[in-house]
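Residues per chain, in single letters:
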Amino acid sequence: MPTQPSAPARRGWVLPVAAVVAVLVVAGGTFAFMTMRQTGTTTTKAGATTTAAATARNSATAAPVAATADVCSMLDPDEAERLVPGATIDSSTNDNRGDSLVSYVRYTCGWVNRNISYKDLIRSREITVNVSKYEAIGTTTAEKSARIQFDGEFKQYKYQETHSDKEHYYSPVQEYQGIGDQAAAQYQWTREGDKYWYSFGQGVGRVGDVVFQVKYEASQKKKEADFLSTESTQSITEENALREVKGLLGQLAKSVTAWRAGQPLPYHARPKPSPTPSPSPTKIPLPRACVSLKTLAATLVPDTEGVAVRSKEGKSNVSQCQWWNEKLPLGGGKVRWRNLRVAIHTFWDEESARYYLIDQRSKTKFTANSQIGGIKWGRVEKLTGFGQEAFGQAIRQRTDTAQGNRYEIYALDGKNVIWVLLSGSDRPENTPINSADSVLMDPKEAATGAKSVAKALLDAL
């Protein structure tokens with residue numbers, strides 16, 4: 001069942017955040033020569049690290065931890081990768097041994113990936129693990145403190161299972177024999193009108209003086225769904241959540257048992273992959289499809305022969321062509337800049353091509369009718385008569401990179417997705433293309449030119 005729980009406040013957990021933070025990478029490169037795109041790096045996901053900042057959060061008066069727990073190595077790395085592919089992994093420590101009522105050190109590790117692309121869906125996955133080692137305080141032994149903590153969590157589960165309503169659901173508590181000394185789990189979902197759906201499984205276990213908790217969240221929605229809409233949201237089911245949480249509790253119980261005994265952990269973190277450079281595009285003669293555009297290109301960007309490169313991006317082979325001239329004389333001390341770029345992404349199958357178009361359209365819809373810095377995005381325009389599916393968008397740019405109006409088009413044609421960009425501006429002679437005195441290209445001219453190129457390119461494929 002779709003869900004959206006915002007669980008009641010729980011000790012040791014971070015509550016779900018409804019807002020999604022999106023990073024918009026403004027493509028100043030769309031105004032640059034293709035040769036400027038011939039280098040790149042692959043960003044790898046961070047491995048588990050305990051930072052100095054996390055340590056700084058510890059009590060300034062607490063004694064140093066004698067034997068820290070490598071919580072990020074307490075889960076089977078293959079299982080963690082299955083549940084949260086390509087996760088960013090981070091850890092922290094909370095030293096609460098200065099408290100007069102309860103003394104413990106809590107170690108936390110999180111595996112997070114909220115942007116997993118799968119066909120026409122965006123998936124979100126997250127695991128959070130807390131491991132708390134208790135110490136004796138007064139006449140209360142360390143193990144008794146851990147029992148009190150476990151019992152408190154278990155009673156909270158039991159209370160919740162009898163208090164479901166229209167906006168919150170709590171499953172019957174599952175108790176597990178053979179996982180540590182004690183272990184239990186519960187599934188819950190929450191919805192608040194049509195604002196969002198949220199669900200997860202959570203569990204708690206104990207081995208001696210150590211209490212461990214785990215929470216697993218999973219959901220997906222259509223890439224092109226409205227940002228604040230929950231209409232297409234699907235969240236993890238009760239059966240799946242409890243199955244995965246039980247498995248994670250079992251892994252934690254094994255690791256905590258080994259850690260308390262001073263033995264090596266049963267699992268080892270994956271080695272951090274070394275960054276590998278992206279392959280550089282290879283300069284090639286203008287491909288046949290681009291040769292067919294030469295007459296049209298000459299009217300849009302005079303006095304340039306054009307250049308072409310070939311590269312591989314994901315599942316596609318890409319041919320790119322560009323016609324660029326930033327010194328077209330206008331007279332009266334003015335010059336004109338025009339930039340025409342096309343790219344042909346060729347996939348092995350039509351399904352992959354369609355999903356690529358959906359990816360690009362969902363990103364474009366996210367920026368539509370918005371502005372950041374000197375970039376202003378127009379609405380997304382559905383185009384008819386351009387292959388099987390097509391859309392366009394006008395973009396205005398006044399930044400330190402360039403000053404110009406442009407129009408971009410993506411269109412699907414069988415196994416191919418084409419991209420067309422036409423941009424430009426006029427400026428005083430002997431000034432760069434980012435001159436603040438630039439007069440931007442007429443948006444209608446940019447759109448009309450880009451559409452004529454897109455039609456001609458599709459006809460040539």
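See the structure shown above.
My aim in this report is to walk through the structure given alongside it, one point at a time. Please read all numbers here as calculations on a predicted model, not as lab measurements. (Residues numbered from 1 in each chain as written. Predicted model: local features only at pLDDT ≥ 70, side-chain atom pairs only at ≥ 80, totals over all residues. Heavy atoms only, no water.)

## Here we look at the overall build of the protein
Reasoning step 1: If you tally the helices and strands in the protein, you get eight helices and 19 strands.
Reasoning step 2: Each of the 461 residues in the protein was classed as buried or not, and the buried ones make up 47%.
Reasoning step 3: Pairs at least 24 residues apart make up 64% of the contacts formed inside the protein by residues separated by at least 6 positions.
Reasoning step 4: About 23,100 Å² of surface is accessible on the protein, with carbon and sulfur atoms providing 53% of the total. (Helix = DSSP H or I, 4+ residues; strand = E, 2+ residues; numbered from the N terminus. Buried < 20%, exposed > 50% of the residue type's maximum accessible area, 1.4 Å probe, protein only. Contact = heavy atoms within 4.5 Å. Areas by Shrake-Rupley, 256 points an atom, 1.4 Å probe, with all protein chains shown as cover.)

## A few points about helix α4 (residues 238-260)
Reasoning step 1: Over its 23 residues, α4 runs 32 Å from end to end, which matches the ideal 33 Å to within 8%, given 1.5 Å per residue.
Reasoning step 2: G262, located one to two residues past α4, shows a positive phi value of around 75°. (Expected span 1.5 Å × (residues − 1).)

## A closer look at unusual backbone geometry
Reasoning step 1: The phi torsion at D303 lies on the positive side, around 60°, for a residue other than glycine.
Reasoning step 2: Position of D303 among the secondary structure elements: in the loop between α6 (294-300) and β11 (307-313).

## Comments concerning the environment of E135
Reasoning step 1: Mapped onto the elements of the fold, E135 is located in strand β3 (residues 121-135).
Reasoning step 2: With sequence-adjacent residues up to four places away left out, E135 is seen in contact with R97, S103, A142 and S145.
Reasoning step 3: A distance of 3.4 Å separates the side chain of E135 from the side chain of R97, its partner in a polar contact. (Polar contact = N/O pair within 3.5 Å; in protein donor to acceptor, adjacent residues only side chain to side chain.)

## A look at the state of the cysteines
Reasoning step 1: Enumeration according to the criterion identifies two disulfides in this entry.
Reasoning step 2: Put simply, C72 and C109 are joined by a disulfide, and their sulfur atoms are 2.0 Å apart. With the S-S dihedral at roughly 110°, the linkage between C72 and C109 falls on the right-handed side. Here C72, found in the loop between α1 (52-56) and α2 (77-83), pairs with C109, found in strand β2 (residues 103-118); they are 37 residues apart in sequence, far enough to count as distant.
Reasoning step 3: For C72, a relative accessible area of 9% puts it in the buried group.
Reasoning step 4: A residue is classified by how much of its surface remains accessible, and C109, at 0% relative accessible area, is buried.
Reasoning step 5: Each disulfide pairs two cysteine sulfurs, and for C290 the partner residue is C321, the sulfurs being separated by 1.9 Å. Across the S-S bond linking C290 and C321, the dihedral sits near 95°, which makes this disulfide right-handed. Highlighted residues: C290 in helix α5 (residues 288-291) and C321 in strand β12 (residues 316-331), separated in sequence by 31 residues.
Reasoning step 6: The exposure class assigned to C290 is buried, which follows from its relative accessible area of 0%.
Reasoning step 7: For the protein, numbering the cysteines in disulfides from first to last along the sequence yields the connectivity 1-2, 3-4. (Disulfide = S-S within 2.5 Å.)

## Details of the pattern of salt bridges
It is possible for side chains bearing opposite charge to pair when their charged atoms get close.
Reasoning step 1: Tallied over the full model, the rule gives 20 salt bridges.
Reasoning step 2: Between R82 and E244 there is a salt bridge, with its nearest N and O atoms 2.8 Å apart. Pair noted here: R82 is in helix α2 and E244 is in helix α4, with a separation of 162 residues, a long-range link.
Reasoning step 3: Taking the relative accessible area as the measure of exposure, R82 reaches 44% and is therefore partly exposed.
Reasoning step 4: The shortest N-O distance in the salt bridge between E143 and R206 comes to 3.6 Å. With E143 in helix α3 (residues 142-161) and R206 in strand β7 (residues 197-207), this pair connects stretches of sequence that are 63 residues apart.
Reasoning step 5: Residue classification places E143 among the partly exposed positions, given a relative accessible area of 34%. (Salt bridge = Lys/Arg side-chain N within 4 Å of Asp/Glu carboxyl O.)

## A closer look at the packing of aromatic side chains
To describe a pair of aromatic rings, you give the distance between the ring centres and the angle between the ring planes.
Reasoning step 1: Within this structure, the stated rule accounts for nine aromatic pairs.
Reasoning step 2: A centroid spacing of 5.3 Å and a plane angle of 45° characterise the contact between Y104 and Y134, whose relative ring orientation is tilted. With Y104 in strand β2 and Y134 in strand β3, this pair connects stretches of sequence that are 30 residues apart.
Reasoning step 3: Judged by its relative accessible area of 11%, Y104 falls in the buried class.
Reasoning step 4: One cation-aromatic arrangement involves K215 over F200; the distance from NZ or CZ to the ring centre is 4.4 Å.
Reasoning step 5: In this structure, K455 is placed above the aromatic ring of F386, and the distance from its NZ or CZ to the ring centre is 4.4 Å. (Phe/Tyr/Trp six-rings, centres within 6.5 Å; stacked < 30°, edge-to-face > 60°. Lys NZ or Arg CZ within 6 Å of the ring centre and 35° of its normal.)

## Considering the pairing of β3
Reasoning step 1: Burial analysis of β3 places 11 of its 15 residues in the buried class, the great majority of the element.
Reasoning step 2: When β2 meets β3, the two strands line up antiparallel, connected through 14 bridges. Residue pairing across strands places G110 opposite T128, the latter belonging to β3.
Reasoning step 3: What sits between the antiparallel neighbours β2 and β3 is a turn of two residues, in which K119 has the positive phi angle 55°. (Pairing = 2+ DSSP bridges.)

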